[in-house]
Amino acid sequence: MNSHAAKNYSDVVQTAQSYYNSEDADSFYGQIWGGEDIHIGLYESTDEPIRDASHRTVERMAGELQSVTQDSRGIDLGGGYAGSARYLARKFGCEVVSLNLSEVQNTQAREINQREKLTDLISVIDGDFENIPYDDNSFDAAWSQDAFLHSGNRAGVLAEIKRVLKPGGELIFTDPMQRPGCSHERLQPVLDRIQLESLGSVEFYDQQLDGLGFKKLGFTDLSEQLPRHYDRVRRELESRYDEMLNRISREYADNMIAGLKHWVTAGEAGDLRWGILHFRLRAD
């Protein structure tokens, strides 16, 4: 591990950090999302618990990994409460770094890891993926779920991933993305909500990663799950609205409901894509 990246966050990353460190966000993701896997879920029924559907995404992604073993070392970029890191450590017996910018989430992640006796396998590190605080060729696999959208320099993030991956290493991730030619009118409320100018796209990731020397192993298009998930979260928050006002501010709750509706509208209109992207860094 090196120190070249310590706490020199970009403005976009600082915005995301302040948000996820807030009491409102921590309570929302802990209570509504389950405080384990805070990303888009794979739903088998309309009213399935959010936590179960979100964990199913982790299981599905882990099942696509081809070369991770007990001897591997992986990194989860934007690891949240380290739920994915715990699953990977248990499934493969491998070492996993959960790199995450929210100190609030990281404190809780370390407590859970301690309680579940996984501290020998999992390291929770304060940091961001625009400047990964590890040396070249440090990892056999890189993993991320719905986090790259928070970067204003996604090309730089991908270059950093190449730097820390060993030749032959796998990269697997999900990210809410925009479709080429999508409606800016429908997408703008989503971008305003997350304070970004654009989202990535499948085409962007394909082009950038090919130029960096990655071979594409596949893209599992699960775009229909994006509006389904955000609508499920919205309904859960609305059904528990009065209860949650004891934990979060009314302003946060109302803004969250409005923001979730924007994601659903854009997703149902076909302006967004989401799924599992899988690549391998060429060894030659």
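As a starting point, this report considers the structure included with it.

Reading the values: rules and limits
Residues numbered from 1 in each chain as written. Predicted model: local features only at pLDDT ≥ 70, side-chain atom pairs only at ≥ 80, totals over all residues. Heavy atoms only, no water. Helix = DSSP H or I, 4+ residues; strand = E, 2+ residues; numbered from the N terminus. Rg over C-alpha atoms; globule rule 2.2 N^0.38 Å. Buried < 20%, exposed > 50% of the residue type's maximum accessible area, 1.4 Å probe, protein only. Contact = heavy atoms within 4.5 Å. Areas by Shrake-Rupley, 256 points an atom, 1.4 Å probe, with all protein chains shown as cover. Lys, Arg positive; Asp, Glu negative; His and termini not counted. Charge placed at Lys NZ, Arg CZ, Asp CG, Glu CD. Axes fitted to C-alpha atoms, helices over the stretch in contact; angles between N-to-C directions. Parallel < 35°, antiparallel > 145°, perpendicular 65-115°, else oblique. Left-handed = near helix turned anticlockwise from the far one by under 90°. Nonpolar A, V, L, I, M, F, W, Y, C, P; charged D, E, K, R; others polar. Salt bridge = Lys/Arg side-chain N within 4 Å of Asp/Glu carboxyl O. Pairing = 2+ DSSP bridges. Polar contact = N/O pair within 3.5 Å; in protein donor to acceptor, adjacent residues only side chain to side chain.

Before going further, it helps to examine the overall build of the chain. Helix and strand content of the chain: 11 helices and 9 strands. For the chain, whose C-alpha radius of gyration is 18 Å, the value lies close to the compact-globule estimate of 19 Å for 284 residues. Projected onto the principal axes, the alpha-carbon positions of the chain cover approximately 55 × 45 × 40 Å. Looking at the chain as a whole, 56% of its 284 residues are labelled buried. Look at the contacts in the chain between residues 6 or more apart in sequence, and 78% of them connect residues 24 or more apart. Approximately 12,100 Å² of the chain is accessible, and the part contributed by carbon and sulfur atoms is 42%. Charged side chains in the chain number 31 positive and 47 negative. The centres of these two groups are separated by 3 Å.

This next bit is on the packing of helix H9 (residues 225-239) against helix H11 (residues 250-268). Across the interface, H9 lies against H11 with an axial gap of 8 Å and an inter-helix angle of 155°. With respect to each other, H9 and H11 are oriented roughly antiparallel. Of the two possible hands of crossing, H9 and H11 adopt the one that is left-handed. Across the interface between the two elements, Leu226, Pro227, Tyr230, Asp231, Val233, Arg234, Leu237 and Glu238 of H9 pack against Ala253, Met256, Ile257, Leu260, Lys261, Trp263, Val264, Gly267 and Glu268 of H11. Grouping the constituent residues of the contact of H9 with H11 by class yields 11 nonpolar, 1 polar and 5 charged.

Time to look at the pattern of salt bridges. Where charged atoms from two side chains of opposite charge approach closely, those side chains can pair. Per the counting criterion, the structure on display carries 22 salt bridges. We note a salt bridge from Glu36 to Arg86, for which the minimum N-O separation is 3.2 Å. One end of the pair, Glu36, is in the loop between helix H2 (23-31) and helix H3 (50-64); the other, Arg86, is in helix H4 (residues 83-92), and 50 residues separate them in sequence. Take Glu36 and Arg86: they sit in the same class, and that class is buried. The closest approach of N and O atoms between Glu48 and Arg56, which form a salt bridge, is 2.6 Å. Via salt bridges that share partners, Asp47, Asp231, Arg234, Arg235 and Glu238 belong to a single interconnected network.

As summarised here, the arrangement of the 7 strands in space is E3-E2-E1-E4-E5-E9-E7, forming an open sheet in which the pairing is mixed. Each edge of the sheet is formed by a strand with only one pairing partner; in this case those strands are strand E3 (122-126) and strand E7 (214-221). With strand direction ignored, the average angle separating the axes of adjacent strands in the sheet is 15°. Two strands pair when backbone bridges link them, and E7 and strand E9 (residues 275-281) are joined in this way by 7 bridges, in the antiparallel orientation. Each residue of the ladder has a partner; that of Thr220, found in E9, is Ile276. Sheet strands touched by helix H6 (residues 154-164): strand E1 (73-77), strand E4 (139-145), strand E5 (165-174), E7 and E9. Its angle to E5, the strand with the most contacts, is close to 140°. In the packing of helix H8 (residues 202-211) onto the sheet, the strands contacted are E5, E7 and E9, and the crossing angle to E7 comes to about 165°.

Assignment of secondary structure puts Asp221 in strand E7. Residue class for Asp221 comes out partly exposed when judged on its relative accessible area of 36%. A sequence separation of 52 residues divides Asp221 from Arg273, and the C-alpha atoms of the two residues are 7.6 Å apart. Ignoring anything within four residues of it in the chain, the contact list for Asp221 reads Arg273 and Trp274. Of note is the side chain of Asp221, whose polar atom sits 2.5 Å from the side chain of Ser223. Of the polar contacts made by the side chain of Asp221, one reaches the side chain of Arg273; its length is 3.1 Å.

Quick look at the pairing of E1 now. For E1, the tally of buried residues reaches 4 of 5 residues, placing the bulk of the element in the interior. Direction of pairing for E1 relative to strand E2 (residues 95-100): parallel, over a ladder of 5 bridges. Residue pairing in the sheet places Gly74 in a bridge with Val96 of E2. As defined by bridge partners, E1 adjoins E4 across 3 bridges and the pair is classed as parallel. Looking at the pairing, Asp76 lines up with Trp143 of E4.

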